Each structure stands twice: as C-alpha cells, then as structure tokens.
Amino acid sequence: MATQPTHSETAAEVAEKGDFLHSELYLTQLMRRQLRLSIVCGLAFALVLLAIPLLNYFTPDMMATRVGGFPLTWLILGVLFFPFVWIISWIFIRRSLAMESAEAQRVLDGNSGR
Amino acid sequence: MHIDPWILAFAAVTVFGTIWMGFRSAGTAKTASDFFVAGRSVSVGWNSAAISGEYLSAASFMGIAGMVMTSGYDALWYPVCFACGYLFLLLFIAGPLRRFGAYTIPDFAEGRFDSPAFRRIAVCFVLFIGFFYTMPQMKGAGVTLAYIFPGLPYWVGVAVVGAVITLNVALGGMKGITLVQAVQYWAKMFAISVPVFVLLAIYGSYGSNLNANKTHLDVPAPMVGQAVPGASSAASSVVRKELPATAPMDAKWISPFGALTTKPATAAGLTGAAAKPYSLLYTYSLIIALVCGTAGLPHILVRFYTNPDGVAAKRTTMWVMILIGVFYVFPPVFGVLGRNLMPELYEAAKKVEGTDSIVLQLPRILNEKYGILGSVLSGITCAGAFAAFMSTFSGLLVSLTGALAHDIYGRILRPKSTSEQRMRMFKVFAVICGAVAILLGLAVESFEITKLVGWAFAIAATSYFPLLFLSTWWRGMTMPGAATGMLIGGVLSLLSVVSTMIADQAPWATSWKTWYAARPLVRTLAEQPAIWGLPLAIILMVIVSRATRSKVPADVRMKMLVLHAPESLGLKQEYIKEHEGVGH
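Note on numbering: residues in each chain are counted from 1, in written sequence order. Labels are handed out in written order, letters beginning with A for the chains and numbers beginning with 1 for the ligands. Residue-level local features of this predicted model are given only where pLDDT is at least 70; pairs of side-chain atoms are given and counted only at 80 or more, and the full residue set underlies all totals for whole chains, interfaces and linings.

K.L.:
How would you explain the overall build of chain B if you had to name every residue and give the values?
P.N.:
From N to C terminus, chain B includes 26 helices and zero strands. Within the span of chain B, comprising 584 residues, buried residues form 60% of the whole. Helix and strand definitions here come from DSSP, where helices need a minimum of 4 consecutive H or I residues and strands a minimum of 2 consecutive E residues; each element is numbered from the N-terminal end. The exposure label follows from counting other C-beta atoms within 10 Å of a residue's C-beta, where the C-beta atoms are placed from the backbone and the thresholds are 20 or more for buried and 12 or fewer for exposed, leaving partly exposed in between.

Here it is in structure tokens:
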C-alpha cells in the first residue's frame, strides 16, 4: 500500500495527471472520512446493544424493575431499541449524503486548481 | 377433517392474489435486465416495502412469536438483531456495493479481484446460504397448511407452496416479484397488528400480560383461574390459564439467560449462577451471528441494485429499518399472550402443532365470545404467514436462480449466449432450484423455524460479511486471502452448527449428545459459532492477503474509487453490457 504522499507531491501528481479525482490524496481522505462516520455510528449502536447483556448479568435486579408491567430489560429490548436504531440511521444518512455532495464538490474545486 | 372456511378463504385470496400479480407483472418483464434487477427502475417506496416484505420471512412472522412463547426474554434478541443487522449493512456495505454496480455478489467478487475462480466460490456460498434459508420457509409452509387443513400431511403443504412460487418466479423473474413483495409487506403488517390490537383490547395490555408473569423480584402468585391478586401496582385482572407441567416457569421465562441460552450449560448439570457465564457467551455469539449475518445475506444485498441511484439506495435502507422495526414489536406480543391464553400448546405432541403455530392459533380463542371474529382474525394471520414464506421464498429463488443462470451459465459455461438464451435458462434453473428447495424442506419437519434461520445467518456472518466488509474498506485484500477466510470461516461454522443439530436430533448420534453434554463451553461455541468464526475469517483474510501481497489487483485504486467516490462523478462501471451499443 503506497505511503501517503506529501502535499507537494500531490500537487505535482495533480499537475501531471490534471486530475484531482484520481489522486491518492483524494481517495485516502475520502475513505477515511467515510469510515470514520460509519465507525462512529456503528460504535454508538454496538456499545448500547452489547451493554444490555452485561447489565442483565451484573445488575439483574435493576433490569427486572417493572415499568408499566414490563420488566425494564424487556421494555428496552422489545420496544425501545428500535427507535434508537432509527435515530442512528437517520443521523448517518444525513451526514453521509452531505459528505457525498461535499466530496463531489471537492473534485470540481480540485480540477479547477482551487 | 374440519376446515374453517374463513381461514381457508383468506389463505386462498393471498395465494391466488400472489399468482395473479406475478402473471400481470410477467407481461412487462421483457429484457434480461428486467429479470435480474427489475430494470433498475424501482422507486424507494416500492423497493423499501418490497425488501421489508421479503425480509419478513416465516421466521419473523411465525417463528419469533413461537420462540418467545417457548423461551421468553432470550428470544427477543432475534427480532432486535434482525433489525440491527440492517443498520450494519447501511453503515459499511450498502453504499459501496451499489456504486460498484455489480448485479450479484459473485459479480462483485469477480470484479473486485479480477478473478473468475473466485466468482465460482462466491456462487457456492450464495447457493449454500440461499438453500439453507429456504428450509425454514418450507417448514412454515408445512405448518400453516397443516393448520388450515387439519390432518393434511406436512409434505403436501411444502410441495404445493414450492410449486406455486417456482411458477411465479419462472414467469416473471425479479420484476414479477417486486410488486408482490411490496404488497405483501403491508399484508403482513396488517396481519400481525390487527389481531394483536383486538386481542390486547380484550385480554389486557402488553405490559399487564407481562406483569402476570412473575420475576424473581415479585411476590409469587397462584396460577389457577382468573385474576392475579394485586401483589403489584399494575392492573391485575389479566386472564391466565394454568400452565402445564412441561412449560417453563415464570421467573426463568421472563428473565434474561433463560432456557434458550443456557441449554448447553444445563445439559452439563450446571444451574443458576454457574450456568450464567455460558449463557452470556451464547448471547454474545448469537448477537454477532444475527447482526453480521444480515449484512451478509445474498438475497437481501442484491436488492440494493434495484434502486435508480445510490442516494435512493440509502433512503431505501432507512425506510426498510422503520418498516421492519415497527413490525418486530408485534410477534413477541403474540408469544406473551400465547403463554397466558393458550398454554396447552406447550404440550403439543407433534412439532407441527407446537408453539411455532401460535400466531395462527391464538386469534381463534375469540370464537368463544365473539362468534366468527376469531376465525376471521386467524384467517388474516394465515394470510400473513403465506405472504411471509411465499415472498421470502420468491426472493431466495430469484437469487439462487440468478446465480446459476447469470453467473454459472452466462459467464462460465456459455459466455457467448444471447440475452434470450439466458432468459430461457433462468426459467429452467428456476424449476430446478424450486425442486431442490422442496426436497430440502421435506427433510426439516422436526426442526424449529427460527433455529434453521440462525444457521443461515451464522454462515453468512462468518463468510460473506467479512468478505464484503474487508474488500470494501481495505486495499490490501487479495483473492487468495478472501477465499481462504471465507471458505474456512464459513465451512467450519456450518460444520459445527450441523454437528450440534445432528447431536440433538439423530437417533444414531447419542454418543455425540453425551460428548457435547459434558462440555458446555464447546457446545455453546459449536451451536453459536459466530463469536469465533468471524474473527477467524478476518484474521485468515488479513494474514493470507499479506502473504500474497503480489496478488493485489493492479488497478485497486480505481476500484476503491468506484466503491467510494460519489456516483455523480461517473466512475461507476456497468457490468451488464446490453446498455452499451444497442440503446435500451
């Protein structure tokens, strides 16, 4: 895997190819941004999901408290978790679509020499 | 043989409606493109309803309710993780795959690694996972028909449903089923919610029904007769019939780490606090299998290509999550109500009449007080069940047939075949796959629907998911690395799961059963292999890819650009050539 080019190398690359889009710099930044967003959202959801069995294990009494007839842990897993997932997806989609138009714009800027 | 006319009527309407819609759409399916990915013209609304419809299989519709009734809290992980898997798909895989533009996963495998050999390996997994997933649908079909026609043998239900769907797919391909599946989402949603609302109105709320089952914190209450004495604050007048001796006890049923996840430990004689760590391990492995497995199901992934663009594909996933999330709140309610109101199912002699059928059976109790209302609602849930296994089976059949016709025939056997020839082979392969699925379905009468689905997910989680995830985000992947990880991870998981099923069910394998019983840790890991299978696959992929560094595709940067750069920049490759040259 190629090492990250320095800024001046990239400028030379761009000049050579006349094409920011196909440069290493663009790709690396693109992937890194996308991966970061995905991982942040993924972690948010995963941490909550994976915490539930631990809470069940270590604090069973708290998780068994009745809320409107439901044990708390049943309410969380059987009902509340779904809206939580929707919220994360919503955030992710908005951010990633905004990122996509920004990335497309960067290419146009890059090609016109910024 | 007493056939309830209402139930029969609703079921028949669903079945014939499906066939009719399939025929209607078949007329408009003209090109190979139409057959394979619905002409890439399906809108977000239709497509999200269609994906949701296809996703809500017999396991979702019937199996979860049955499993909640049998196993209580632990079964809740299934609906939650089924839904969460979609989020995983959205976050890591959906966008890039869509941009890449391949019609099938084997296409992606070949395109990403420039390797026709890898395509063949990928196709094998499409077939493996796909056929596994057809088995619970067939079981659902058998159970449902045995319910509508008491006394009907299991194999008749399987054969009839299999034949109908095969016909539908052979005639219309994917476009033929998209409309069907979109409608069927709403049919299933209606079918699961309306009876629930009616039952809850009469028999008390979700919460109060749960309240009637006591946790270790509550004062134990007598279980005979009607009202539960007011030991707790919530409404205490919930009807509850007496539990048979074979039924799980309240405290274990309603609490985490119940029977479902502690079975390996209890088989070894451990109880209570000693069994809990194994249960925790089982739970985490199950979560990983279900969440990562969703992202790896080939027949779901291929749906992403039916959107006109990448933005639409993402929006579709959002809607799918909402649609299926709303759906999944309901089946557990059936399980809870079923425990309180129809506990005799715990003692059913034949598997086909057990808790898996609670969704179909429960509404009938309304017949005592409200005449035919019970039968009508039961007919509605039957219609929903039909919609469930028919639509999922359709999707699977298209995916399996597409793999054979497009990948094996079109690319490997006869690359020079015309579009027309491929369309014809599609129909031929549809019939073959349908027949195989029916035969497999006949073999699984004694297995639980949701357990069967768990297999498919575990295999997908340890094979396809790591392949897709790493290929999308890591340039250093090579074909040997991907193939090694996928094969070893997937096949080992498959073998270990199958070995536990054989140990449980086969009369000739009792020595296996005792061997497993003495080793709860091994048993837990064998029954739920994702927690070791997924890391194993990833590690193998990384190590072997590093070792075969020279085999990284030369134009990997271009490939990664296609995967990640916005579609509007025009980097997308079109794999199906018919859009070039002759205008479409």
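K.L.:
Pulling in residues and values, what's your account of the overall build of chain A?
P.N.:
In terms of regular secondary structure, chain A is built from four helices and two strands. When the elements of chain A are put in sequence order from the N terminus, they spell out α-α-α-β-β-α. Within chain A, the proportion of its 114 residues that are buried is 32%.

K.L.:
So what's going on with the interface of chain A and chain B? Residues and values would help.
P.N.:
Listed per partner, the contact involves 43 residues of chain A and 49 residues of chain B. Counting only elements with at least two residues in the side of chain A that touches chain B, the list comes to helix 2 (24-58), strand 2 (70-71) and helix 4 (72-111) of chain A. When residues in the side of chain A that touches chain B are grouped by element, the largest group, 20 residues, is from helix 4 of chain A. Each residue is assigned to one class: nonpolar for Ala, Val, Leu, Ile, Met, Phe, Trp, Tyr, Cys and Pro, charged for Asp, Glu, Lys and Arg, and polar for all the others, Gly among them. Taken together, the residues of the side of chain A that touches chain B break down into 28 nonpolar, 11 polar and four charged. Residue pairs qualify as contacts under a 7 Å threshold applied to their C-beta atoms, which are placed from the backbone.

K.L.:
Tell me about unusual backbone geometry, and name the residues and values.
P.N.:
Phi angles above zero are rare outside glycine, and aspartate 114 of chain B is one such case at about 50°. Mapping aspartate 114 of chain B onto the fold places it in the loop between helix 6 (105-113) and helix 7 (116-148).

K.L.:
Summarise the packing of helix 4 (residues 58-71) of chain B against helix 20 (residues 449-462) of chain B; cite the residues concerned and give the values.
P.N.:
All names here are of chain B. Working convention: axes come from line fits to C-alpha atoms, limited for helices to the stretch in contact. Angles between N-to-C directions cover 0 to 180 degrees. Taken N-terminus to C-terminus, the directions of helix 4 and helix 20 make an angle of 120°; their axes are 8 Å apart at the nearest point. Between helix 4 and helix 20, the angle falls in the class oblique. Here Ala58, Ala59, Met62, Gly63, Ile64 and Met67 of helix 4 lie close against helix 20, whose contacting residues are Ile449, Thr450 and Val453. Class assignment for the residues of the contact of helix 4 with helix 20 results in seven nonpolar, two polar and no charged. Roughly parallel covers angles under 35 degrees, roughly antiparallel covers those over 145, roughly perpendicular covers 65 to 115, and oblique covers all other angles.

K.L.:
I'd like a rundown of the environment of isoleucine 64 of chain B, residues and numbers included.
P.N.:
Residue and element names in this part refer to chain B. The residue isoleucine 64 is located in helix 4 in this model. Separated by 266 residues in the primary sequence, isoleucine 64 and phenylalanine 330 place their C-alpha atoms 9.6 Å from one another. Beyond its immediate sequence surroundings of up to four residues, isoleucine 64 is in contact with Ala59, Ala75, Tyr78, Pro79, Pro331, Pro332 and Thr450.

K.L.:
An account of the nonpolar core is requested, with residue identities and associated values reported.
P.N.:
The biggest cluster of nonpolar side chains holds 198 residues, and the ones touching the most others in it are Ala83, Cys84, Leu87, Leu290, Cys292, Ala385 and Ala461 of chain B. For this core, the element with the most residues is helix 18 (residues 373-413) of chain B, which contributes 20 residues. For this analysis, nonpolar core means a set of buried Ala, Val, Leu, Ile, Met, Phe, Trp, Tyr and Cys residues linked through C-beta atoms within 7 Å.

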